[in-house]
Amino acid sequence: MDIDSFFEKNRKIKHNLGMKDIPKHFSNWQTDNAVCLDFFNWIRLESNAGSIKLNINSDVSEVAEELTARQHLGVLHRSSDSKGWRSIVLHGLSSIMTGPVHDYKGIVDQDTLESWTDVSRFFPKTVSWINQNIPFNDFSRIRVMMLDPKGYINPHKDMDIDFLGGGLNIAITNPKGVEFAIDNSGIIPWNVSDIRMINIGRYHSVINNSENLRIHILAYPRTVEWDIKSMQVVCESYEKELTVIK
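Residues numbered from 1 in each chain as written. Predicted model: local features only at pLDDT ≥ 70, side-chain atom pairs only at ≥ 80, totals over all residues. Heavy atoms only, no water.

Peer 1: Requested: an account of the nonpolar core, with residues and values cited.
Peer 2: Among the nonpolar cores identified, the biggest contains 47 residues, and Leu 54, Ile 134, Leu 168, Ile 170, Ile 172 and Tyr 238 are the most heavily contacted of them. Among the elements that make up this core, the one with the highest residue count is helix 5 (residues 228-245) (seven residues). With 16 residues, the next largest nonpolar core counts Leu 147, Ala 171, Val 178 and Ile 198 among its residues. (Core = buried A, V, L, I, M, F, W, Y, C linked by side-chain atoms within 4.5 Å. Buried < 20%, exposed > 50% of the residue type's maximum accessible area, 1.4 Å probe, protein only. Helix = DSSP H or I, 4+ residues; strand = E, 2+ residues; numbered from the N terminus.)

So this is what it looks like as C-alpha cells:
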C-alpha cells in the first residue's frame, strides 16, 4: 500500500479502538509477580493495542534543546525507504551503525554487546534524562530518530507477528503536522514527552508535513524479558489506556 492510501485508511480509525478488556484472571497482577509477567506478555502479544502510553511524566525541554542544537550529527537511516529520516546512535555498536547487530554480519561479532557510543558524550543532558526516566536495568540500542520537515517514513513493519514494543518510543518534539499511523489502529495521539510502546508487528508510517524537525528517541532493553518494575509500569499504563478509549 502506498503511503497516501495508508494514511487515508487509518485516519478513519480511532486509535486503539480495538483494545481488549483485561481478562479477570489478571486481576491480582499488582500482588503476584508471576501474574504480572503473564499480564505483561498478554499485553504485548494479545491485547490488540496499537500503542500504549506509559505512566511516566518528565520534562524533555532541555533534551529537545540539546538534540536540536546537535541535529547535524545525525546520519541517514533506511534512506531507500524514507526521506529525511536520520539517526544518532547514543548506545549501540557505533554512532553510525543505526541498525540491529544482524545488519552487520561479517563486520561485527554477533555476540557483541552494545555500549555508550563515542558521540554520546556530546549529549550529557539527554543521557542523564534517559538514565533517570527509562525504566530498564540495562540497554541495547538507544537512538535519536529525526524526521526532517516534509520528510516521511514509508509503511513498514519490524516483526511478522503482532508485538507491542521491543523498546520505548519517546516524543521529544512532535510538531503540528506530524502523523504516526499504525495499520488498523489509526493515528497515535502524540504529545511532547509521551513515552509509548508501539506495535512494531503492524505496518506503521510517519509523515512530517510541518516546517520543523520531529525528534523522537527509541530505547530498547538489553533482553526481551523486562524486569518486574518495568512490567508493572506497563500493566498499570494499560489499565489507564483502557479508561481513555472507553
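Read on, since the account is not over.
Peer 1: With reference to specific residues and values, describe the environment of Glu 114.
Peer 2: Structurally, the position occupied by Glu 114 is in the loop between strand 3 (82-92) and strand 4 (115-116). Sequence separation of Glu 114 and Val 101 is 13 residues, and the distance between their C-alpha atoms is 8.9 Å. Not counting chain neighbours up to four residues away, the residues in contact with Glu 114 comprise His 91, Gly 92, Leu 93, Ser 140, Arg 141 and Arg 222. (Contact = heavy atoms within 4.5 Å.)

Peer 1: I'd like a description of the packing of aromatic side chains, backed by residues and values.
Peer 2: Inspection of the entire model under this criterion finds 12 aromatic pairs. Judged by centre distance (6.2 Å) and plane angle (70°), the ring pair of Trp 116 and Phe 139 falls under edge-to-face. You can see Trp 116 sitting in strand 4 and its partner Phe 139 sitting in strand 5 (residues 139-156), a full 23 residues away along the chain. In this structure Trp 116 comes out as partly exposed when scored by relative accessible area, which is 33%. An aromatic cluster is built from Phe 26, Trp 29, Phe 39, Trp 42 and Tyr 238, whose rings are joined through pairwise contacts. Lying across the ring of Tyr 220, Arg 141 places its NZ or CZ 5.4 Å from the centre. Here Arg 196 stacks its cationic end above the ring of Trp 190, 5.6 Å away from the centre of that ring. (Phe/Tyr/Trp six-rings, centres within 6.5 Å; stacked < 30°, edge-to-face > 60°. Lys NZ or Arg CZ within 6 Å of the ring centre and 35° of its normal.)

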